[in-house]
Amino acid sequence: MKRVTLFRNGRIDLEGKVIAVPCDLNEVLSAAAETLGIDAKKLYSTTGGLIENTAVIRDGDTLIVSEGEPFLESCSKLQSCERDRLKYRPTSSADWIRLNVGGQCFTTTRSTLTRHDPKSMLACMFATDENAIWGNSVDDTGAYLIDRSPRYFEPILNYLRHGELILDPAVNPQGVLEEARFFGLQSLAEQLEIIVEVIIIYTGNNNYQKW
């Protein structure tokens, strides 16, 4: 189970409290309220990002607890400490995941699959081992089996790794778009839709999407 350190919003001068992270966000707020003795209503990252899903919470994270008020900039002092901690924190072997996509194996981390879009299918599948939807579908090496195209999955995985969409000239953006839609990666799908529309306009090929 993941563990996090909690600080009250605007009161980083007080000692942080460590709790185990339940699966449900409301349960996390209840635990934070009991631990800090406040009416916990919102959770923020140390950069001020509002946390709406426990899938984006990583083991060892530092979280700011609010009683409903906006994130206070005084908590930003924790940012540099958090960056240094994450930079040198060793990655647990449990964080590494092997995927067998259409017969091709990929190795990545749980955080790569879950942090970018916590509501996507991939994030829901691999938020925790207990929540892995396809946890029983593995090959003889233990890699999770996903019956999709590895050719189109690779640029999606790279996008999740560094947040940039990079397509090989030989890869059809329409194919990547269909995979992005399948995995519920809305922001990526929107980028690809624009690319496909631009190609159709400049090539005049209305059959492009059928390639």
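Residues numbered from 1 in each chain as written. Predicted model: local features only at pLDDT ≥ 70, side-chain atom pairs only at ≥ 80, totals over all residues. Heavy atoms only, no water.

Caption draft 1: Structural view of the overall build of the chain. Across its full length, the chain holds seven helices and seven strands. Mapped from its N terminus to its C terminus, the chain presents α and β elements in the order β-β-α-β-β-α-β-β-α-α-β-α-α-α. Taking as baseline every contact in the chain between residues at least 6 positions apart, the subset at least 24 positions apart corresponds to 54%. Roughly 11,800 Å² of accessible area belongs to the chain as shown, and the carbon and sulfur atoms make up 50% of that amount. (Helix = DSSP H or I, 4+ residues; strand = E, 2+ residues; numbered from the N terminus. Contact = heavy atoms within 4.5 Å. Areas by Shrake-Rupley, 256 points an atom, 1.4 Å probe, with all protein chains shown as cover.)

Caption draft 2: View of the side chain of Ser66. Topologically, Ser66 is positioned in strand 4 (residues 62-66). A relative accessible area of 0% places Ser66 in the buried class. Apart from residues lying up to four places away in sequence, Ser66 is in contact with Asn9, Asp39, Ala40, Lys41, Lys42 and Tyr44. (Buried < 20%, exposed > 50% of the residue type's maximum accessible area, 1.4 Å probe, protein only.)

Caption draft 3: Examining the sheet that holds strand 3 (residues 42-44) more closely. With mixed pairing, the four strands of this open sheet are ordered in space as 2-1-4-3. Across the chains shown, the open sheet's two edge strands, defined by having one partner strand only, are strand 2 (17-20) and strand 3. Adjacent strand axes in the sheet meet at a mean angle of 40 degrees, parallel and antiparallel pairs treated alike. The sheet contact formed by strand 3 and strand 4 spans three bridges and is antiparallel. Bridge pairing in strand 4 places Leu43 opposite Val65. Docked against the sheet, helix 1 (residues 25-36) engages strand 1 (3-8), strand 2, strand 3 and strand 4, running at close to 145 degrees with respect to strand 2. (Pairing = 2+ DSSP bridges. Axes fitted to C-alpha atoms, helices over the stretch in contact; angles between N-to-C directions.)

Caption draft 4: Molecular detail of the packing of aromatic side chains. Throughout the structure, instances matching the rule amount to five aromatic pairs. Measuring from ring centre to ring centre gives 5.3 Å for Phe106 and Phe153, while their planes differ by 65 degrees; the resulting arrangement is edge-to-face. Separated by 47 residues along the polypeptide, Phe106 in strand 6 (residues 104-109) and Phe153 in helix 5 (residues 150-162) bring together distant segments of the chain. For the pair formed by Phe106 and Phe153, the shared burial category is buried. Joined through ring pairs, the aromatic side chains of Phe106, Phe153, Phe182 and Phe183 make up one cluster. Across the ring face of Phe182, the terminal group of Arg148 is positioned such that the distance to the ring centre comes to 3.7 Å. (Phe/Tyr/Trp six-rings, centres within 6.5 Å; stacked < 30°, edge-to-face > 60°. Lys NZ or Arg CZ within 6 Å of the ring centre and 35° of its normal.)

Caption draft 5: Spatial organisation of the pattern of salt bridges. The full count for this structure, using the stated rule, is six salt bridges. Note that Lys41 and Asp39 form a salt bridge whose closest N and O atoms lie 3.7 Å from each other. A network of salt bridges, in which partner residues are shared, links Glu178, Arg181 and Glu193. (Salt bridge = Lys/Arg side-chain N within 4 Å of Asp/Glu carboxyl O.)

Caption draft 6: Layout of the sheet that holds strand 6. Read across the open sheet, the three strands follow the order 6-5-7; overall the sheet is mixed. Two strands close off the open sheet at either side, each with one partner strand: strand 6 and strand 7 (144-146). Across the sheet, the mean angle from the axis of one strand to that of its neighbour is 30 degrees, orientation sign disregarded. Sheet topology places strand 5 (residues 96-101) next to strand 6; six bridges connect them, and they run antiparallel. Residue pairing across strands places Asn100 opposite Cys105, the latter belonging to strand 6. Strands in contact with helix 5 are strand 5 and strand 6; relative to strand 6, the strand with the most contacts, it is inclined by about 10 degrees.

Just distances and angles here, no functional claims.
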